[in-house]
Every structure is written in C-alpha cells, then in structure tokens.
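Chain by chain, the residues run as shown.
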Amino acid sequence: MSSKSQTRYVPPKLRDFSPSALDKAAEKLLAALEKEWQAVANESDWRSFRDHWMARKDGVLTQINELWLKAAPKDAKREVGQRVNEIKKRVEDSAQRGENGYKAGAKARIADSDSVDISLPGLRRPIGAEHPIIKTRNETPSVFRNLGYSVEEGPVIETDYYNFEALNFPPNHPARDTQDTLFVANQEAKPQRERLMLRTHTSPVQIRAMERMKPPIRIVIPGKVHRNDPPDASHSPMFHQIEGLAVDTSITFGDLKGTLDHAMKALFGSSVKTHFRPSFFPFTEPSAEVMVSCFICGGSGKRGSDPCRPCKQTGWIEILGCGMVDPNVFEFVKHNGYDPKKVSGFAFGMGVDRIAILKYGVDDIQLFFQGDVRFLEQFG
Ligand SMILES: [Zn+2]
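Residues numbered from 1 in each chain as written. Predicted model: local features only at pLDDT ≥ 70, side-chain atom pairs only at ≥ 80, totals over all residues. Heavy atoms only, no water.

S.K.: Can you walk me through the overall build of the protein in this structure?
M.R.: When you go through the protein residue by residue, the secondary structure sums to 11 helices and 11 strands. Compactness check: the protein gives a C-alpha radius of gyration of 31 Å against a globular reference of 21 Å for 380 residues, more than 25% above the reference. C-alpha extents for the protein along the principal axes are approximately 95 × 60 × 35 Å. Residue burial in the protein is summarised as follows: out of 380 residues, 43% are buried. Considering only residue pairs separated by 6 or more positions, the protein has 69% of its internal contacts joining residues 24 or more positions apart. Of the roughly 20300 Å² that the protein leaves accessible, carbon and sulfur atoms contribute 51%. (Helix = DSSP H or I, 4+ residues; strand = E, 2+ residues; numbered from the N terminus. Rg over C-alpha atoms; globule rule 2.2 N^0.38 Å. Buried < 20%, exposed > 50% of the residue type's maximum accessible area, 1.4 Å probe, protein only. Contact = heavy atoms within 4.5 Å. Areas by Shrake-Rupley, 256 points an atom, 1.4 Å probe, with all protein chains shown as cover.)

S.K.: Teacher, can you tell me more about the sheet that holds strand β10 (residues 316-325) here?
M.R.: In a beta sheet, neighbouring strands pair by backbone hydrogen bonds and run either parallel or antiparallel. Reading across from one edge, β1-β4-β5-β11-β10-β7-β6 is the order of the 7 strands in this open sheet, with mixed pairing throughout. A strand with exactly one partner marks an edge of an open sheet, and here the two such strands are β1 (150-151) and β6 (274-281). Sheet topology note: the strand β7 (residues 284-293)/β10 ladder contains 8 bridges and is antiparallel. Counted as the bridge partner of S293 is W316 from β10. Along the sheet, helix α8 (residues 253-268) makes contact with β6, β7, β10 and β11 (344-351), crossing β10 at roughly 145°. (Pairing = 2+ DSSP bridges. Axes fitted to C-alpha atoms, helices over the stretch in contact; angles between N-to-C directions.)

S.K.: What am I meant to see in the coordination of the zinc ion here?
M.R.: Six octahedral donors around a metal ideally subtend angles of 90 or 180 degrees, whereas four tetrahedral donors ideally subtend 109.5 degrees. Bound to the zinc ion on the protein side are C294 (SG), C297 (SG), C308 (SG) and C311 (SG), at distances that span 2.2 to 2.3 Å. For the zinc ion, the 4 donor atoms are set out with angles of 101 to 115° between them, so the coordination reads as tetrahedral. Between consecutive donor residues of the zinc ion, the sequence gaps follow C-x2-C-x10-C-x2-C. Remark: C311 occurs in the loop between β9 (306-307) and β10 and C297 occurs in the loop between β7 and β8 (302-303); sequence separation between them is 14 residues. Accessibility assignment for this pair places C297 and C311 in one class, buried. (Donors = N, O, S within 2.8 Å, 3.2 Å for Na, K, Ca; no water. Tetrahedral: all angles 85-135°; square planar, octahedral: opposite > 155°, others 65-115°.)

S.K.: How do you make sense of the packing of helix α1 (residues 19-38) against helix α3 (residues 60-70) when you look at a structure like this?
M.R.: Axes are the key here: two packed helices are described by the angle between their axes and the distance separating the axes. Remark: α1 packs on α3, axes separated minimally by 13 Å, with the N-to-C direction vectors making an angle of 170°. Between α1 and α3, the crossing angle belongs to the class labelled roughly antiparallel. The two elements α1 and α3 cross, and the hand of that crossing is right-handed. Residues A25, A26 and L29 of α1 form the contact with α3, whose participating residues are V60, I64 and W68. Of the residues that constitute the contact of α1 with α3, the class distribution is 6 nonpolar, no polar and no charged. (Parallel < 35°, antiparallel > 145°, perpendicular 65-115°, else oblique. Left-handed = near helix turned anticlockwise from the far one by under 90°. Nonpolar A, V, L, I, M, F, W, Y, C, P; charged D, E, K, R; others polar.)

S.K.: Just checking my understanding: could you explain the nonpolar core for this structure?
M.R.: Generally speaking, soluble globular proteins have nonpolar side chains that are buried together. Among the nonpolar cores identified, the biggest contains 41 residues, and L260, M264 and I319 are the most heavily contacted of them. Elements with a contribution of two residues or more to this core: α5 (132-145), β5 (238-248), α8, β7, β10, β11 and α10 (352-360). Here this core takes 6 residues from α8, the largest share from any one element. Not counting residues up to four positions away in its chain, the partners in contact with L260 are F144, F276, V290, L320, C322 and F348. Counting residues in each nonpolar core, the second largest holds 26 residues, with L30, V40, W68 and V80 among its members. (Core = buried A, V, L, I, M, F, W, Y, C linked by side-chain atoms within 4.5 Å.)

S.K.: Even after reading the chapter, I still don't get the packing of α5 against α8, so can you show me in this structure?
M.R.: Their axes nearest at 10 Å, the elements α5 and α8 cross at an angle of 130°. If you check the angle between α5 and α8, you find them oblique. Both α5 and α8 take part in a crossing whose hand is right-handed. For the pair formed by α5 and α8, the contact residues are E139, T140, V143 and F144 on the first element and T259, L260, A263, A266 and L267 on the second. Class assignment for the residues of the contact of α5 with α8 results in 6 nonpolar, 2 polar and 1 charged.

S.K.: For this particular structure, what's the right way to read the pairing of β7?
M.R.: The side chains of a regular strand alternate, residue by residue, between the two faces of the sheet. Within β7, 8 of the 10 residues are buried, which leaves it mostly tucked inside the rest of the structure. Taken together, the 7 bridges between β6 and β7 define a ladder with antiparallel strand orientation. Pairing of S279 across the sheet is with S287, part of β7. Here β6 folds back onto β7, and the loop between the two strands holds 2 residues.

S.K.: Explain the pattern of salt bridges to me, please; I cannot follow it from the model alone.
M.R.: Pairing between side chains becomes possible if they bear opposite charge and their charged atoms approach one another. Tallied over the full model, the rule gives 13 salt bridges. Among the ionic pairs, D160 bridges to R176, the shortest N-O distance being 2.9 Å. With a gap of 16 residues between them, D160 in helix α6 (residues 160-163) and R176 in the loop between α6 and β3 (196-198) connect regions that are remote in the sequence. According to the relative accessible area criterion, R176 is buried, its value standing at 12%. Taken together, the salt bridges that share partners define one network made up of D23, E79 and R83. (Salt bridge = Lys/Arg side-chain N within 4 Å of Asp/Glu carboxyl O.)

S.K.: Hey, could you run me through the packing of aromatic side chains in this one?
M.R.: Aromatic ring pairs are defined here through the distance separating the ring centres and the angle between the ring planes. Scanning the model with the defined rule gives 17 aromatic pairs in all. When the ring of F330 is compared with that of Y338, the centres are 6.2 Å apart and the planes differ by 10°; the resulting orientation is stacked. By relative accessible area, Y338 is classed as buried at 0%. Members of the aromatic cluster, each reached through a chain of ring pairs, are Y360, F368, F369, F375 and F379. Here the guanidinium or amino end of R208 rests over the ring plane of Y162, the centre of that ring lying 4.0 Å away. (Phe/Tyr/Trp six-rings, centres within 6.5 Å; stacked < 30°, edge-to-face > 60°. Lys NZ or Arg CZ within 6 Å of the ring centre and 35° of its normal.)

In structure tokens, the structure reads:
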C-alpha cells in the first residue's frame, strides 16, 4: 500500500448467517477489496495487497474460510459457500488485475477498472415480501371489491365527534369505557366534540364517507387503530381493523347475512359455516357477532388427538361484529341524503391482526411489530 498506516480490511466473525446478513458482509468485503486494489501503485504495493488477501497462512481468504464457512451452521453452509467462492474469484481477479495494472501504469489501471467482467457472478439481492398483516389486510378488500365495494381511508388522529358522538356514543355514555382511548394532551379548552384522540376503531370513516358521498354507498375501510391496552401476547396498543358499510333504500339483515357468509367463505375456504349470535354495539341495531366454523380443525375442536387451541375446542371462531346501522347514526348525516326513514344499511368490522394470528399460527401479536427479519422471513 502506498501508506502503511492505511487500515486494511479484517473479516469480522459472523453471528447472523441469514442470506441478507451474508450479502451485507460480502458487500463490505468486496468494497474494501476494490478500495485496496485502487491504491496499488507499484510492485511492492501489489505484493502487499496479494499477501494481505491471499496469503495461505492468514490472508483474508483463509480467514473467511475459518470465520465464515467453517463457523456456519449446517443449514447455512451452502449459502456461505456460494459467497465465499464468489469472493475468492473476485480476489484472484483483482490480484491478477493488479499485477497487470501497475506494470502498465496508472492510466491502464483506470481503464481496466472501468471495464466490466460480465462473466463474474452477481451478488444476490434479497427479495422482499409482504408483511403478514399487510397481506391479510389486502385480502379482505379484494373479496369485497368483487361485490362492488370501494376502499375508503381516513385520519388516524380523530375528533371525539367522529370517533364517538356521531357513532351514537353520547358523551359520558358507558359504552365509551369499553374502548380505552388514547387522548391527545392539552385538549381540555376545546369543546368536547372537537377534542383529538387516536381513533379507537375505523368506524369514524363511515361518517366521513357518508358526509362526502350520497347513498347508495358500499365501502370497505382498512386501517390502523389505537387503544390503551398494555402489550402482551394477544394485545397491542396499535392494531388493525377492516370494516365495511353498505347503505341503500331497502337493505335488510338478510343482505348482511348473505354478504358476510359469502365473504367468510371467500376468505377462509368454501367449506366454512357461519353462525350469527346477538350482540351489542352502539352504532348498530340489531347487532351480531359472527362465528365461523374453525378453519384449522374443520369444526371438530380437535387436531388429531390434541385439542384445537385456536377455537378453544369449540369448533367455532369469533371473527367479526356486525349489525344494521342504527337510525341514530343516520341522523348525523341526514343532510346528505341519509334519511333514516328512507335508507337502511349494515356495517361490519373485524380485527386484521387476529385473523393473521389464526391464519399463520402465530402465538404472539408482538412478533408482527418488532421488525425481526428472522420472524418475517418465514412469510417470504
Ligand atoms: Zn379448531
């Protein structure tokens, strides 16, 4: 090297042998190789370069053979071996280029470095994949799009009016307590309906859509929501919902049942059965919970001789809440054509994360949001 003080590349010990980590390590090494080769100006530089990279006893190639290939776990050996071979060829080529290069002078070296050897193998770039939550979130709208629904979105920071009041949660109504809300600080000076919070459900978008669009309306609303739930295996303060709304002049509970039965079969397989059980939501009347027959054990409650955990051995899984839109909700958008005496409609909503947990057999919701590549790679 032209200067002995220049720091030379030392291969690191590898701990992570995933393809993306290997690519990163190989990239670093090759960048260092190129830099050191560029600095070769005369014969002694070239010898030093060659020894540093290729010396049998402690050259970089020997070291990565020890630190990378021999240290790799059995199932990563192939991936590591592939990269070590690529690197070996690049080092040998560089040493060769260096020998020819310094002899021919700087000009030749530059010209040589500009040429591309198309016979060299390329570096494998890892291909990304859809996050299981995004994937699940996208599957549902596509089912409803085929039924003529369009996708609507709305703000995550919402006012009390849209999140509660217009959805028939009057101020101080106990139903508000069921949604542990994260409020934006310092809003006390404002009138209650203007105070800001992180939306606790995607339902405010129903009101926003009805304010903008006259009936008939058919929409699905995917989105992120927040509640003051301490994180554990089945709770997260941030999670995802998807909900739908259909309003027209003569929509009945029969339409609701038919639509959801079709959607559940499209999402979970044509053999699932649906079961509607009475429930309560402030913004629908009557309201129901929809159970689907367990798509993991086929409704038997058993997996072989073991109990089926996802359905708690009942053979049924609760998937959504739904109901006919409460006339009180239409009163808030009456001015835009939603006269509760003339229109009717239904709404439904479900948790995206919960469905992803069931579909992919994940036992901890936190895994979805920790960004650990080892977890996410399983869905690639
Ligand atoms: Zn089951």
